[in-house]
Amino acid sequence: MNGADGFPDRRLAFCEEARDLLTDLEAALLQLEADPRDQETIGRVFRAMHTIKGSGAMFGFDDVAAFTHDIESAYDLVRSGRLAVTPRLISLTLASRDHIHHLLEATVSGTAPDLAAGESLLAAIRETVASGGEAPAPVTTARDYSIRFVPPPGLFERGANLLPLFEELRGLGALTIECDTAALPPLDQLHPGHCYLSWQMRLRSPAPPEAIRDVFVFVDEGDCLTITEPAELAEPTAPTPEREAAAAAPAARPTPSSLRVSATKLDELINIVGELVTMQARLSRFAAQSGEIEIAHIAEETERLTSMLRDNTMSIRMLPIEATFARYRRLVRDLAGELGKEIELVTEGGDTELDKGVIDQIADPLVHLIRNSVDHGIESPAERREAGKPPCGRLVLAASHSGSQVLIRVTDDGRGIHPARVRAKAIEKGLIDAHAELSESEIFALLFRTGFSTAAAVSSVSGRGVGMDVVKRNVEALRGTIDVTSTPGQGTVFTLKLPLTLAIIDGLLVRVAAQHFVFPVAQVLECLEASTADLHCGRREFLEVRGQLVPLVFLERFLRLSTGSGARSQILIAQTAAGHFGFVVDEVIGDHKTVIKQLGPLYRHVEGVSGATILGDGSIALILDADRLAQSAVDEAGRRAA
Amino acid sequence: MSKTILAVDDSASIRQLVSHTLRTAGFTVIEACDGQDALDKLKSPVNLVLTDLNMPRVDGLSLTRAIRASTDHRYTPILLLTTESEPARKLEGKAAGATGWLVKPFQPEQLLATIRKVLG
């Protein structure tokens, strides 16, 4: 098959596949470094190389195929136990992986690849192979068990508790549990003390089947437990050619079937669904006005389907953040090596899902934060030992959900940030007045100001003072926030708060004069009502809310709209970057699931507005940016005072 | 708060051994010398009952049945201490409502492992 020039699409498809394989390869290599005798991971590395070589040759990527051949051979030796995995081998393979990436990109873009670099890499690998190493001891074999547990109904009447059993089972290995509720009777026949549930479990464990039976010894009455005999997963013996072929076949990888779709198509789909949601709102409105039952019925059904369609479409764009986290393993490993530090990267909540757009745009700011923690935060092993800490620093990347937002935390256990030092630096740089009284959080906020850097020595890794301000800007562009807390000597935590998706926000629809606006509901703390005359009396700028003075922003005046005539006004108390603010509107209409439409490039400098949305009646409402509005109000007050 | 275990045995030495092991592991232990004594002491809150089978006055099986028939301790786990020679008693114990059993003689670690299995 000569697919070199005739099938550009297929070649591109190969490139995409190869990039995925390289990502997987990198993850496998790092895992292998942690556990050099894991046969399964060795198999993964080998298979990735094997596929890249095979497909590469088929699609005319001859450089890639030729280069990969030798590395594949090396891992064949590792697989059969004739070569040990050493840190040196891992480093060389990682470098080779980068080189394969380089070869791929060079072939695609038609530039001349750096073949000399490849040659020297191969020479180093051959040398490592020749010097050999002790063959690793055979690994214990993990087995896949399928366990079905149907407890006797009277189980609880004997005082049994199933939770500890599941915990005990989890102690044996990786466990997935599914509960089967099919046997639950209708409520009127349900005996509250009986157990109607049964469980289907998959356990991957080196333990013998007897160990599993032992776990259930008190609750099994002879026929409650079915354990399906496992197939052996890892072979300690040298692979035969047939086994080898089976291991290399892509079908051996248990990945769920999936489809590759270009992101543009998804964006189009989201756009269309957005239009549909708008149209559907119109339909509902019309149906409600028409008073015809039949139409109301159809409108209701359409509403249900539309919201399902919307949620489904949104979920297609949601990706677990794991893949992004995995990229940083390599980053941290390399940076730590470069700086002579020992750092362990721990990731938590990798399965947290985020909109693809958010993930793409958060990757770079995160790189910055990680570089910063590795370079400035975590100390050298000697310094750490002196401070009474373990020599190996710990960097934690954690993601979690919080309402309609996602929190990403970058935590290090390094030297922390000294507020006094930050303050001194800010005064020196002329960012603040020497007599300014600032709270700790205000001082930390200075870190994100343009032209700020506390690094005593500028290193190649970070610390040119361009960075944190860019990070903040990028995060804010995503409608997110960034915070930092730090305890000197104990470490620093950067917290990013990001919206789940860029396309839809929960909004609060409000009316100011004759116009509608949408306010992001996540920031609204409460809605109050006051008489308009009261508010305007004496041009009050503040409102006392439960003993706290809250500055007011009269949107009507602020947005230069003609004065409304309502006798009463409503006030949204909102949490903004500049503190609590009260926004005075004429009427709060209610919840509005807002499909965000970006304003055209002409309007990108408009302050206080982050987008627009189309309402049910076809009219347009602007989405207000509370943070910007509050900031403008503060600036204006400053100007007036000056 | 530490969990409370009621240890029932007519042999003072066994009671002592059991209590010592459990207290060292952080449990609160109430001792009873037979089934009747146990039923009296069940008026205070108990998370688990550990009982011998052969005892004067009320034996282990009757104690188990009485506990299962009560309102307060219907779902409290009960562990029986049996000897290897009586597998039939094990089934009897189960039928009476015992949660599990422990075969004498046992090591302290076995006792704790078994208790963790039912108490979590």
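The rules behind the values
- Residues numbered from 1 in each chain as written.
- Chains lettered and ligands numbered in written order.
- Predicted model: local features only at pLDDT ≥ 70, side-chain atom pairs only at ≥ 80, totals over all residues.
- Heavy atoms only, no water.
- Helix = DSSP H or I, 4+ residues; strand = E, 2+ residues; numbered from the N terminus.
- Buried < 20%, exposed > 50% of the residue type's maximum accessible area, 1.4 Å probe, protein only.
- Contact = heavy atoms within 4.5 Å.
- Patch = residues over 30% accessible without salt bridge, like charges linked within 9 Å, V, L, I, M, F, W, Y side chains within 5 Å.
- Areas by Shrake-Rupley, 256 points an atom, 1.4 Å probe, with all protein chains shown as cover.
- Salt bridge = Lys/Arg side-chain N within 4 Å of Asp/Glu carboxyl O.
- Buried area = accessible area lost by both parts, 1.4 Å probe.
- Polar contact = N/O pair within 3.5 Å; in protein donor to acceptor, adjacent residues only side chain to side chain.
- Nonpolar A, V, L, I, M, F, W, Y, C, P; charged D, E, K, R; others polar.
- Expected span 1.5 Å × (residues − 1).
- Bend = angle between axes of the 7 residues up to and from the residue.
- Axes fitted to C-alpha atoms, helices over the stretch in contact; angles between N-to-C directions.
- Parallel < 35°, antiparallel > 145°, perpendicular 65-115°, else oblique.
- Pairing = 2+ DSSP bridges.
- pLDDT = per-residue confidence, 0-100.

**So, the overall build of chain A**
In terms of helices and strands, chain A carries 19 helices and 21 strands. Within chain A, the proportion of its 642 residues that are buried is 41%. Within chain A, contacts between residues at least 6 apart in sequence are counted, and of these 69% link residues at least 24 apart.

**Observations regarding a nonpolar patch on the surface**
A cluster of nonpolar side chains, namely A:Leu184, A:Leu187 and A:Leu190, defines an oily patch on the protein surface of about 290 Å² accessible area. Looking at the element boundaries, A:Leu184 is found in the loop between β2 (174–180) and β3 (198–205).

**A closer look at the interface of chain A and chain B**
Chain A puts 16 residues into the contact, and the matching count from chain B is 18 residues. For the pair chain A and chain B, the summed buried surface comes to about 1,200 Å²; carbon and sulfur atoms form 58% of the total. Of all residues in chain A, the largest losses of buried area upon contact with chain B belong to A:Arg158, A:Gly159 and A:Phe218, amounting jointly to 52% of the total for that side. If you look at where chain A meets chain B, you find one salt bridge. Taking the shortest distance from any N to any O, the salt bridge between B:Lys117 and A:Glu168 comes out at 3.2 Å. For the pair chain A and chain B, the number of links is three residue pairs in polar contact (both at pLDDT 80 or more). Those elements that place two or more of their residues in the side of chain A that touches chain B are α6 (163–170) and α7 (209–215) of chain A. Split by residue class, the side of chain A that touches chain B holds seven nonpolar, three polar and six charged.

**A short note on the environment of A:Asp351**
Along the chain, A:Asp351 falls in the loop between β6 (343–348) and β7 (353–355). Measuring from C-alpha to C-alpha, the distance between A:Asp351 and A:Glu322 comes to 6.0 Å, with 29 residues separating the pair along the chain.

**Remarks on the pattern of salt bridges**
Residue and element names in this part refer to chain A. For the structure shown, the criterion picks out 29 salt bridges over all chains. In this structure, the salt-bridge partner of Arg-204 is Asp-144, at a minimum N-O distance of 3.9 Å. Here the residue Arg-204 occupies a position in strand β3, and Asp-144 occupies one in strand β1 (residues 143–149), the gap between them amounting to 60 residues. With a relative accessible area of 35%, Asp-144 lands in the partly exposed category. Lys-356 serves as the salt-bridge partner of Asp-360, at 2.9 Å between the closest nitrogen and oxygen. Note that Asp-360 and Lys-356 are positioned in helix α12 (residues 356–377) at a spacing of four residues, about one turn of the helix.

**Notes on the environment of B:Arg65**
Residues and elements named next belong to chain B. Considering the arrangement of structural elements, one finds Arg-65 in helix α3 (residues 60–69). Relative accessible area serves as the criterion here: at 45%, Arg-65 is assigned to the partly exposed category. For the pair Arg-65 and Ala-96, spaced 31 residues apart in sequence, the C-alpha to C-alpha distance is 5.4 Å.

**Side note on helix α3 (residues 62–79) of chain A**
Residues and elements named next belong to chain A. Here α3 spans 25 Å end to end across 18 residues, near enough to the 26 Å set by a 1.5 Å rise per residue. Along α3, the sharpest kink reaches roughly 30°, centred on His-69. Taken as a whole, α3 has its buried residues at Val-64, Ala-65, Phe-67, Thr-68, Ile-71, Glu-72, Ala-74, Tyr-75, Val-78 and Arg-79. Where α3 ends, the next residue or the one after it, Gly-81, has phi of about 80°, a positive value.

**Section: the packing of α6(A) against helix α5 (residues 108–119) of chain B**
Viewed as axis vectors pointing N to C, α6(A) and α5(B) meet at an angle of 120°, and their least axial separation amounts to 6 Å. As far as their axial angle goes, α5(B) and α6(A) are oblique. Where α6(A) abuts α5(B), its residues A:Pro164, A:Leu165 and A:Glu168 lie against B:Arg116, B:Lys117, B:Val118 and B:Leu119. Looking at the contact of α6(A) with α5(B) residue by residue, the class counts come to four nonpolar, no polar and three charged.

**Points about the sheet that holds strand β13 (residues 515–520) of chain A**
Residue and element names in this part refer to chain A. If you walk across this open sheet you meet the five strands as β19-β12-β13-β21-β20, and the pairing is mixed. Of all the strands in the sheet, just β19 (587–595) and β20 (609–614) have a single pairing partner and so form its edges. Along the sheet, successive strands turn relative to each other by an average axial angle of 35°, direction set aside. In this structure, strand β12 (residues 504–512) lies alongside β19, joined through eight bridges in antiparallel fashion. Note on β19: the bridge partner recorded for Asp-506 is Lys-593.

**Section: the confidence of the model for chain A**
In low-pLDDT segments, the atomic positions of the prediction should not be examined closely. All names here are of chain A. Averaged over every residue, the pLDDT of chain A is 79; the share at 70 or more is 87%. Low pLDDT, under 50, characterises residues 1–7; the predicted model gives this stretch 11 contacts beyond four residues in sequence or across chains. Segment residues 455–466: pLDDT under 50, and 21 contacts once partners within four positions in sequence are set aside and those in other chains are kept.

**Points about the sheet that holds β6(A)**
All names here are of chain A. Strand order in the open sheet made by the five strands is β6-β8-β9-β11-β10, with mixed pairing throughout. The sheet is open, and its two borders are formed by β6 and β10 (481–487), each paired with just one other strand. For this sheet, the mean inter-axis angle between neighbouring strands, taken without regard to orientation, is 15°. One ladder, built from seven bridges, connects β10 with strand β11 (residues 491–499); its direction is antiparallel. Opposite Thr-485, over in β11, you have Val-493 as the bridge partner. Sheet strands in contact with helix α16 (residues 468–477) are β10 and β11, and its direction is about 135° off that of β10.

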